[in-house]
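The chain contents come next:
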Amino acid sequence: MNAFQELGLDADLLQAITDMGFETPSEVQEKSIPILLQQETDLVSLAQTGTGKTAAFGFPLIQKINPGSKKTQALILSPTRELCLQITNELKLYSKYKKSLNVVAVYGGASITEQAKSISRGAQIIVATPGRMQDMIRRNLADISNIDYCVLDEADEMLNMGFYEDIKSILSHTPQEKKTWLFSATMPKEVAKIAKKFMSNPVEITVGSKNTGTANVSHEYYLVNHRNRYDALKRLADANPDIFSVIFCRTKRDTQKVAEKLIEDGYNAAALHGDLSQNQRDLVMKSFRTRQIQMLVATDVAARGIDVDDITHVINYQLPDEIETYTHRSGRTGRAGKQGVSMVIISKSEVRKIRTIEKIIQQKFEQKEIPDGKEICKIQLFHLAEDIRKTEINHDIDPYLPTINEALESFTKEELIKKFFSVEFTRFFNYYEKAPDLSSESSGGRPEVSEGNTRYFINVGSKDGFDWKSLKDFLKEELNLERDDVFKVDVKGSFSFFNTDEQHTDLILSTFSEFNHNGRFVNVEVTKDKGSDKGGRRRDRGGSKRNGKNFDKKGSDFGGRRRSDRTEKKGGRKANRSKNIENSLKRRRSKA
Ligand code: ADP
Ligand code: MG
C-alpha cells in the first residue's frame, strides 16, 4: 500500500499523486492530511518553506469538495499573484482525475471581468490574493457566503505584506461555520493573533522547531567592504559555474541596478520587482523556470512564494530589514529534498545580525572568503573540462574533419588541449589575473575612506535636533539607503558632514535639490575633503579609478554646485572653513 493511501486519500488523488512522481508524504503532509480528512476542524500548521504545505491542504481539500455542485465551496488566500497561480496550477494537477472540479485564480493585474466569467461558470475553489478578492466581493463578482473551507496560505507573508485588514474584511463575508486552515512558515505574533481572532480551537501542527530554516540549506557569509559588494557577487557566481540562483536586494532600485550590471557583464540575469508590469514579470519568471535566466535578482515582495525547484543558491546581496524575512529567502533553495546554499554578503558592522539570524534559524553560519582570481580560474577550467567530457559528439561536423585535422596535424594532444583552453579562457584569465583580494580584512575594513567615497556637507546639525545617529537615520530613510551606506556622520552646530559610496552621489544630490524638512530648506553639497581625519588609512587599490574617473574628476561634474571650497581639515583652516560655510548658509537661507 502506498504511503499516501494510508493517509486516507482516494483513488483519483492517488493516481494524480503517482503521476506527479510524489513517492512519500512529507512530514507536514503526514501530520495534516489525516486530520483534515477525518475531522471538521480549524487547523494551524507550521512548517518551513519548501516542505510541501500546498499538498498538505490541497489533497484533503480536493477530496472534500463536492464536484457535483457548482457553488464555491473553498477560498484559498495567498500573498502574491505568483503564489496564487502556483497554487492553482498545483491544485489542477492534484484534481486531474476529478473532471468537473474547477479551480479559478483571482489576482490583481489581470482582467477582473475574465476572472468573474470563470467564476460564474462554476468555481468550487477560488485561489485569490487578498486585494483582488476584496474587489471581487465589493463588485459582487464572487459569492463566498457559502464556503465550507477557507485556507490562509503563507499567512506570515500575507501579514508581512499588510493584508491583515483585507483578510479580516474578506472573512466577514464567509459563514461562521466554515473551517479555517492556516498554513505558515513562521509564527509571528500577528499570525497568532489571526489564529486567536478568527479560528476556534484550532488543532496545531508544528513540523520542526518553529522558525527554523530547512536543514537542507547551508548558510554562509562573506565579509566584504560595502563598495565591493557587486564584485563579490560576481565572484560568487563565477566560482559556481552551474549556479541557478535568486539574488535578494532590499529595494527595487538596487534590484534593477544589480540586474542591469550583471547583464552588462555578460551574465544571464534579470530583475523581478514590483515596478515591472505583470507581463514583464511573467516573462521573467518563465525564462527563469526554463533556465534561460541563471540569476534572478529580486525584491522580497516580488519573490514571495516563488516555487522554482532546484535553485542552487540564494544570495543575500543585502540582508533584509526584517530578520525574519531571511528564513523566507533561504527557503527558496534546498527544496524538495535537494541541497542548497544561502549566501550573505555583509560588511563588518552587520556581523551581529548574522548572530541574530543564527538564533532564529537555529543553524550556524560558516564564514567564508570570497574566492580569489586564481581559485575562480581553476574552478572554471575544471568546469569546462568536465563539460567537454560530458558533451555528446555532434557528428554533423564529420565532413569537415579532414580539413580541420589537416590544419591541426602538427600538434600533440597536450598542445591541442592547451590551445583550446586558451581560446576559451584567456579573457577570463586576464580579468582575474590582476583582480584584487576582496575579503574585508585585506582592504582595510569599514568605514574606509577612499577615493570611492564622497563626503557631503549638509546644512542641518545639532541645532536642528540631530545627533549622528538620528541624522544617519534621517538620511537613510529619505534616501532609502542601508544603514551602512551612510557613514562618518559628523554633526556640528548648524551643519554636518557625512560620507557615502560614490555610487550614491547622484541620488543624494538629486534628492536634496529642493528638499524641505520641517519647513527648513535642506541643502546637501559635495565637499572636497573626504573626512580622513584619522590618517593612516589605506587607499583603495585603484578600484575606484575604474572608467578612468577618479573622485575629483567626478566631483567636477558637479562643479556648479560646490562653489565654496569647503574642506574639513583640522587646525588652522578650521575657522576659515566654518566661516565659509556660515556665509554659504546665509546665502542659501536668504534664497530659500
Ligand atoms: P511550501 O508551501 O511548504 O513552501 P510547496 O507546497 O510549494 O512547499 O512544495 C515545495 C515543492 O515540493 C513543490 O515543488 C512540490 O511539488 C514538491 N512536493 C510537495 N510534496 C512532495 C512530496 N510528498 N514528494 C515530493 N515532492 C513534493
Ligand atoms: Mg507554500
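In this numbering scheme, every chain counts its residues from 1 along its sequence in written order. The naming scheme follows written order: chains are lettered A onward, ligands numbered 1 onward. The predicted origin of the model limits local features to residues at a pLDDT of at least 70 and limits the giving and counting of side-chain atom pairs to 80 or more, whereas totals for whole chains, interfaces and linings rest on all residues. Heavy atoms from the whole structure form the basis of all side-chain values; hydrogens and water molecules are not counted.

Side note on the pairing of strand E11 (residues 295-298)
Line of reasoning, step 1. Of the two faces of E11, the one lined by Met295 and Val297 and the one lined by Leu296 and Ala298 are each fully buried.
Line of reasoning, step 2. Each pair of strands is called paired provided DSSP finds at least two bridges between the two strands. Going along the chain from the N terminus, every DSSP run of H or I of four or more residues is numbered as a helix, and every run of E of two or more is numbered as a strand. Here 4 bridges tie strand E9 (residues 245-248) to E11, and the two strands are oriented parallel to one another. Bridge assignment links Val246 to a residue of E11, and that residue is Leu296.
Line of reasoning, step 3. Handedness of a crossover is defined as follows: with both strands directed away from the viewer, a clockwise route from the first strand across the helix to the second makes it right-handed. Crossover connection from strand E10 (residues 269-272) via helix H13 (residues 278-289) to parallel E11: handedness right-handed. A simple rule labels every residue: compare its accessible area, found with a 1.4 Å probe on the protein chains alone, to the largest value its type can have, and call it buried under 20%, exposed over 50%, or partly exposed in between.

Observations regarding the nonpolar core
Line of reasoning, step 1. Counting residues in each nonpolar core, the largest one holds 39 residues, and the members touching the most others are Leu9, Phe59, Leu61, Ile76, Leu91, Ile125 and Trp181.
Line of reasoning, step 2. Broken down by element, the residue count for this core peaks at 6 residues, all from helix H4 (residues 53-64).
Line of reasoning, step 3. Contacts were defined at the residue level, with two residues in contact if any of their heavy atoms lie within 4.5 Å. Ignoring sequence-local partners within four residues, the contact set of Trp181 consists of Leu36, Thr41, Leu43, Phe57, Pro60, Leu61, Lys64, Tyr149, Cys150, Val151 and Leu152.
Line of reasoning, step 4. By convention a nonpolar core is built from buried Ala, Val, Leu, Ile, Met, Phe, Trp, Tyr and Cys residues, the set being connected through side-chain atoms within 4.5 Å. Counting residues in hydrophobic clusters, the runner-up holds 32 residues, among them Ile119, Met136, Cys150 and Ile167.

Digging into the site of ligand 1
Line of reasoning, step 1. Near, as used in this document, describes a residue that has one of its heavy atoms within 4 Å of the molecule or strand being considered. Lining the immediate surroundings of ligand 1 are 19 residues, of which Thr24, Gln29, Gly50, Lys53 and Thr54 lie closest.
Line of reasoning, step 2. For the purposes of these results, a polar contact is taken to be a pair of N or O atoms within 3.5 Å, where, inside protein, one atom must be able to donate a hydrogen and its partner to accept one; residues adjacent in sequence count only when each atom of the pair is a side-chain atom. The backbone of Thr51 places a nitrogen or oxygen atom 3.2 Å from an oxygen atom of ligand 1.
Line of reasoning, step 3. A distance of 2.6 Å separates an oxygen atom of ligand 1 from a polar side-chain atom of Thr54.
Line of reasoning, step 4. Here ligand 1 has 570 Å² of accessible area as a free molecule, and 86% of this is covered by the chains.
Line of reasoning, step 5. Following the grouping adopted for this structure description, the nonpolar residues are Ala, Val, Leu, Ile, Met, Phe, Trp, Tyr, Cys and Pro, the charged ones are Asp, Glu, Lys and Arg, and the polar ones are all others, Gly among them. Looking at the shell around ligand 1 residue by residue, the class counts come to 4 nonpolar, 9 polar and 6 charged. Here the accessible surface of atoms and residues is derived via Shrake-Rupley with a 1.4 Å probe, and residues count as covered only by protein chains that are part of the display.

A word on a nonpolar patch on the surface
Line of reasoning, step 1. Together, Ile397, Tyr400, Leu401, Ile404, Leu408 and Leu416 give the surface a local cluster of nonpolar side chains, amounting to about 500 Å² of exposed area.
Line of reasoning, step 2. By residue number, the principal contributor to the nonpolar patch is helix H18 (residues 401-408), which donates 3 residues.
Line of reasoning, step 3. With respect to the helices and strands, the residue Ile397 is situated in the loop between helix H17 (373-390) and H18. Candidate patch residues must exceed 30% relative accessible area and have no salt bridge, after which like charges are joined if within 9 Å and Val, Leu, Ile, Met, Phe, Trp or Tyr side chains if within 5 Å. Salt bridge, as used here, is a side-chain nitrogen of Lys or Arg placed within 4 Å of a carboxyl oxygen of Asp or Glu.

Considering unusual backbone geometry
Line of reasoning, step 1. Of note, Asn140 is a non-glycine position whose phi angle comes to about 60 degrees, a positive value.
Line of reasoning, step 2. Along the polypeptide, Asn140 turns up in the loop between helix H7 (130-138) and strand E5 (149-152).

So, a negative patch on the surface
Line of reasoning, step 1. Charge convention: Lys and Arg are scored as positive, Asp and Glu as negative, and His as well as the terminal groups of each chain are ignored. Charged groups are reduced to one reference atom each: NZ for lysine, CZ for arginine, CG for aspartic acid, CD for glutamic acid. Residues Glu369, Asp372, Glu375 and Asp437 make up a contiguous surface patch of negative charge.
Line of reasoning, step 2. Relative to the elements of secondary structure, Asp372 occurs in the loop between strand E14 (365-368) and H17.
Line of reasoning, step 3. A residue is classified by how much of its surface remains accessible, and Asp372, at 33% relative accessible area, is partly exposed.

Digging into the packing of aromatic side chains
Line of reasoning, step 1. Centres within 6.5 Å make a pair out of two Phe, Tyr or Trp rings, where for Trp the six-membered ring is used; the pair is then stacked when the planes are under 30 degrees apart, edge-to-face when over 60, and tilted otherwise. Applying the stated criterion to the full structure yields 17 aromatic pairs.
Line of reasoning, step 2. With 6.3 Å between their ring centres and 45 degrees between their planes, Tyr164 and Phe198 make a pair best called tilted. Of this pair, Tyr164 sits in helix H9 (residues 164-171) while Phe198 sits in helix H10 (residues 189-198); the two residues are 34 residues apart in sequence, bridging distant segments of the chain.
Line of reasoning, step 3. Whether a charge sits over a ring depends on NZ of Lys or CZ of Arg being within 6 Å of the ring centre and within 35 degrees of the ring normal. Here the guanidinium or amino end of Lys193 rests over the ring plane of Tyr164, the centre of that ring lying 4.5 Å away.
Line of reasoning, step 4. A cation over an aromatic ring shows up here: Arg291 above the ring of Phe244, its NZ or CZ 3.9 Å from the ring centre.

A short note on the sheet that holds strand E17 (residues 496-501)
Line of reasoning, step 1. In spatial order, the strands read E16-E17-E15-E20; together these 4 strands make up an open sheet with antiparallel pairing. Of all strands in the sheet, those bounded by a partner on one side alone are strand E16 (486-491) and strand E20 (524-527). Sheet twist, expressed as the average angle between the axes of neighbouring strands with direction ignored, equals 25 degrees.
Line of reasoning, step 2. The pairing of strand E15 (residues 453-458) with E20 spans 4 bridges and is antiparallel. Across the sheet, residue Ile458 finds its bridge partner in E20, namely Val524.
Line of reasoning, step 3. Helix-sheet contacts for helix H20 (residues 468-479) involve E15, E16 and E17, and the interaxial angle to E16 is about 135 degrees. For helices, the fitted axis covers only the stretch in contact; all axes are lines through C-alpha atoms, and the angles between them, taken along N-to-C directions, range from 0 to 180 degrees.

A word on empty space enclosed by the protein
Line of reasoning, step 1. A cavity here means a set of points on a 1 Å grid, drawn over the protein atoms and nothing else, where a 1.4 Å probe fits but cannot get out; a pocket is an open set with protein on both sides within 12 Å along at least five of seven lines, and a residue lines either one if it has an atom within 4 Å of a point. Grid points are joined across faces, edges and corners, and a volume is the space filled by probe spheres set on the points. Applying the stated rule across the entire model yields 4 cavities of 30 Å³ or more.
Line of reasoning, step 2. Counted as a void, the largest cavity has a volume near 50 Å³.
Line of reasoning, step 3. In terms of lining residues, the largest cavity is bounded by Glu157, Phe248, Asp300, Ala303, Arg304, Thr325, His328, Arg329 and Arg332.
Line of reasoning, step 4. For the lining of the largest cavity, the secondary structure elements donating two or more residues are helix H14 (300-303) and helix H15 (325-330).
Line of reasoning, step 5. Across the lining of the largest cavity, the residue classes break down as 2 nonpolar, 2 polar and 5 charged.

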